[in-house]
Amino acid sequence: MPLPRLLAFATLSGFSTGSFAQQELPGLASGFAQMLLGLGVVIALLLATLWLIKRLSAPRGPSAGLKVLGGVAIGSRERLVLVEVGDKVLVLGVTANSINTLHTTDAGDLALAPPPAGTNRREPEFAGWLRRSLEQRKDGT
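All figures in this text were calculated on a predicted structure; none of them were measured in a lab.

Here is what the cut-offs are and how they apply
Residues numbered from 1 in each chain as written. Predicted model: local features only at pLDDT ≥ 70, side-chain atom pairs only at ≥ 80, totals over all residues. Heavy atoms only, no water. Helix = DSSP H or I, 4+ residues; strand = E, 2+ residues; numbered from the N terminus. Contact = heavy atoms within 4.5 Å. pLDDT = per-residue confidence, 0-100. Pairing = 2+ DSSP bridges. Axes fitted to C-alpha atoms, helices over the stretch in contact; angles between N-to-C directions. Buried < 20%, exposed > 50% of the residue type's maximum accessible area, 1.4 Å probe, protein only.

We now examine the environment of V68. Within the fold, V68 resides in strand β1 (residues 66-73). Note: C-alpha distance between V68 and E84 (16 residues apart in sequence) is 6.2 Å. If near-sequence neighbours (up to four positions away) are discounted, V68 is found in contact with V81, L82 and V83.

Structure below.
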C-alpha cells in the first residue's frame, strides 16, 4: 500500500494526532483515589503476611511448653541458660559441643522478680532524658 493511501486511511479512521489530543485525561481526584486504593491493598497484604508468619512460627508439639527465661555468656562459646519446662526450671550449661543439666528446681521456688527501681541499672541516655522530660511535663515545671 503506498504511503499516501495509508495516511488517508489513518485520517479517515480517526487515528490522526488531533483525535488523541481531544481525549479527556483522568482527573486528579480519581488518580489520587486509585493510588490510595493501591496503597491500602499493599498494606493489607503486608499485614496478612505478617500475621501468617507469626501464626506459622508459633511453637507447636513438644516444644510448646519450653520457655527460655534467660542466659548469660561465661566464655567465648559457653553460656548458662535458664529454661522452664512445664513446672520445672533447668539450669543448663551450653558449650560448642554439648548441653549439660547443672541444676533442676521447681518453677515456684525460683523468684524471677524484676529488679527494684532503686538499683544502679544504667538506662540509655535518650531514654533517661525522655523519662525526665515527661515527669517534668506532668508536674508542670
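The structure having been displayed, the exposition proceeds.
Summing up the model confidence of the chain, the mean pLDDT is 76 and the portion of residues at 70 or higher is 67%. Looking at the elements of the chain, mean pLDDT is at its lowest for helix α2 (residues 17-21), recorded as 50, and at its highest for helix α3 (residues 28-57), recorded as 92.

Taken residue by residue, a regular strand's side chains alternate between the two faces of the sheet. Of the pairings in the sheet, the one linking β1 to strand β2 (residues 79-85) comprises seven bridges and is antiparallel in character. Counted as the bridge partner of A73 is R79 from β2.

Below, the discussion takes up the pairing of β2. In this structure, the hairpin formed by β1 and β2 is closed by a connection of five residues. Both β2 and strand β3 (residues 88-94) contribute to a ladder of seven bridges, which runs antiparallel. By the bridge assignment for β3, E84 is matched with V89. Connecting β2 to the next strand, β3, in antiparallel fashion are two residues, including G86 with a positive phi near 65°.

An order of β1-β2-β3-β4 is seen for the four strands of this open sheet, with the pairing classed as antiparallel. Each end of this open sheet is capped by a strand with a single partner; those strands are β1 and β4 (99-106). The mean angle between the axes of side-by-side strands here comes to 20°, regardless of whether they run parallel or antiparallel. In this structure, β3 lies alongside β4, joined through seven bridges in antiparallel fashion. Bridge pairing in β4 links L92 to T101.

Structurally, N100 can be placed in strand β4. On the accessibility criterion, N100 (41% relative accessible area) is partly exposed. When the C-alpha positions of N100 and L80 are compared, they lie 9.8 Å apart, and in sequence the two are 20 residues distant. Contact partners of N100, with chain neighbours within four places excluded, come to V91, L92 and G93.

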